[in-house]
Amino acid sequence: MPPIVADTTPLNYLVLIESVEVLPRLYGRVLIPPSVLAELADPYAPVQVRTWATQSRDWLSVVPLRAPADSSLMHLDAGERDAIALSSEQHASLILMDERDGAAAARARNLKVVGTLGVLDIAAGRGWIDLPATMLEQDALRKKRPKGD
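Residues numbered from 1 in each chain as written. Predicted model: local features only at pLDDT ≥ 70, side-chain atom pairs only at ≥ 80, totals over all residues. Heavy atoms only, no water.

1. What to know about the side chain of Glu 80
No. 1: Secondary-structure assignment places Glu 80 in helix H5 (residues 78–90).
No. 2: Here Glu 80 sits buried without a salt bridge, and the closest side chain of opposite charge, Arg 81, lies 7.7 Å off (N-O distance).
No. 3: Not counting residues up to four positions away in its chain, the partners in contact with Glu 80 are Asp 7, Met 97, Glu 99 and Gly 102. (Helix = DSSP H or I, 4+ residues; strand = E, 2+ residues; numbered from the N terminus. Buried < 20%, exposed > 50% of the residue type's maximum accessible area, 1.4 Å probe, protein only. Lys, Arg positive; Asp, Glu negative; His and termini not counted. Salt bridge = Lys/Arg side-chain N within 4 Å of Asp/Glu carboxyl O. Contact = heavy atoms within 4.5 Å.)

2. Side note on the packing of helix H1 (residues 8–16) against helix H7 (residues 116–125)
No. 1: Running from N to C, H1 and H7 point in directions that differ by 50°, and their axes come no closer than 9 Å. Taken together, the axes of H1 and H7 lie oblique to each other. The residues of H7 that touch H1, namely those facing Thr 9, Pro 10, Tyr 13 and Leu 14, are Thr 116, Val 119 and Leu 120.
No. 2: Within the contact of H1 with H7, the residues separate by chemical class into 5 nonpolar, 2 polar and no charged. (Axes fitted to C-alpha atoms, helices over the stretch in contact; angles between N-to-C directions. Parallel < 35°, antiparallel > 145°, perpendicular 65-115°, else oblique. Nonpolar A, V, L, I, M, F, W, Y, C, P; charged D, E, K, R; others polar.)

3. Section: H7
No. 1: Among the residues of H7, Thr 116, Val 119, Leu 120 and Ala 123 are the ones counted as buried. On an axial view of H7, the arc spanned by its buried residues comes to 95°, and they lie on one face.
No. 2: Immediately downstream of H7, the backbone of Gly 127 shows phi near 80°, a positive value. (Arc of directions from axis to C-beta.)

4. Some points on the nonpolar core
No. 1: The biggest cluster of nonpolar side chains holds 29 residues, and the ones touching the most others in it are Leu 11, Val 20, Leu 23, Tyr 27, Trp 52, Leu 96 and Val 119.
No. 2: Mapped onto this core, the elements with two or more residues apiece are strand S1 (4–6), H1, helix H2 (22–27), strand S2 (30–32), helix H3 (34–40), helix H4 (47–54) and H7.
No. 3: Among the elements that line this core, the one with the most residues is H2, at 4 residues.
No. 4: The next biggest cluster of nonpolar side chains, apart from the first, holds 18 residues, and it includes Val 5, Val 63, Ala 106 and Val 113. (Core = buried A, V, L, I, M, F, W, Y, C linked by side-chain atoms within 4.5 Å.)

5. Some points on the environment of Leu 73
No. 1: Tracing the sequence through the fold places Leu 73 in the loop between strand S3 (60–62) and H5.
No. 2: Judged by its relative accessible area of 2%, Leu 73 is buried.
No. 3: Taking the C-alpha atoms as reference points, Leu 73 and Leu 40, separated by 33 residues in sequence, lie 21 Å from one another.
No. 4: Setting aside residues no more than four positions away along its own chain, Leu 73 makes contact with Arg 81, Ile 84, Ala 105 and Arg 109.

6. Quick notes on the sheet that holds S1
To summarise the sheet geometry, strands pair through backbone hydrogen bonds and adopt either a parallel or an antiparallel arrangement.
No. 1: Taken in spatial order, the 5 strands of this open sheet run S3-S2-S1-S4-S5, and their pairing is parallel. Two strands lie at the open edges of the sheet, namely S3 and strand S5 (113–114), each paired on one side alone.
No. 2: Pairing geometry for S2 and S3, over 3 bridges, is parallel. Following the sheet pairing, Val 30 is matched in S3 by Leu 60. (Pairing = 2+ DSSP bridges.)

Structure below.
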């Protein structure tokens, strides 16, 4: 199974709603650039997310970029920009990303994008999670999210 690349927000949300373990079941290996790990471990990130970020997992690999991200991606935050660049470098089968601008930039580079809700929908379709209950938790998180994400 080819690896996928994740941006910060889907990992953050999946950790907070205690559904992150669907990722290795769905996709096998998940790659993140160092900037995504830094965002997950940021002092302003929720404690649960920071704690999760400090623990290693055999299905999650931090992979440095071979080259700086394309300058046309500079309008994105570091995690989005680097996740797109890493997806291209690694020929990833898809990228997990929620932010509209980042997802549009990824699609413009012919990358397949799936967001947090897409991951949850697939996992629910396989009977791994209770989607209505998870959606209530996701909705509560969305109301706390800053505008523009």
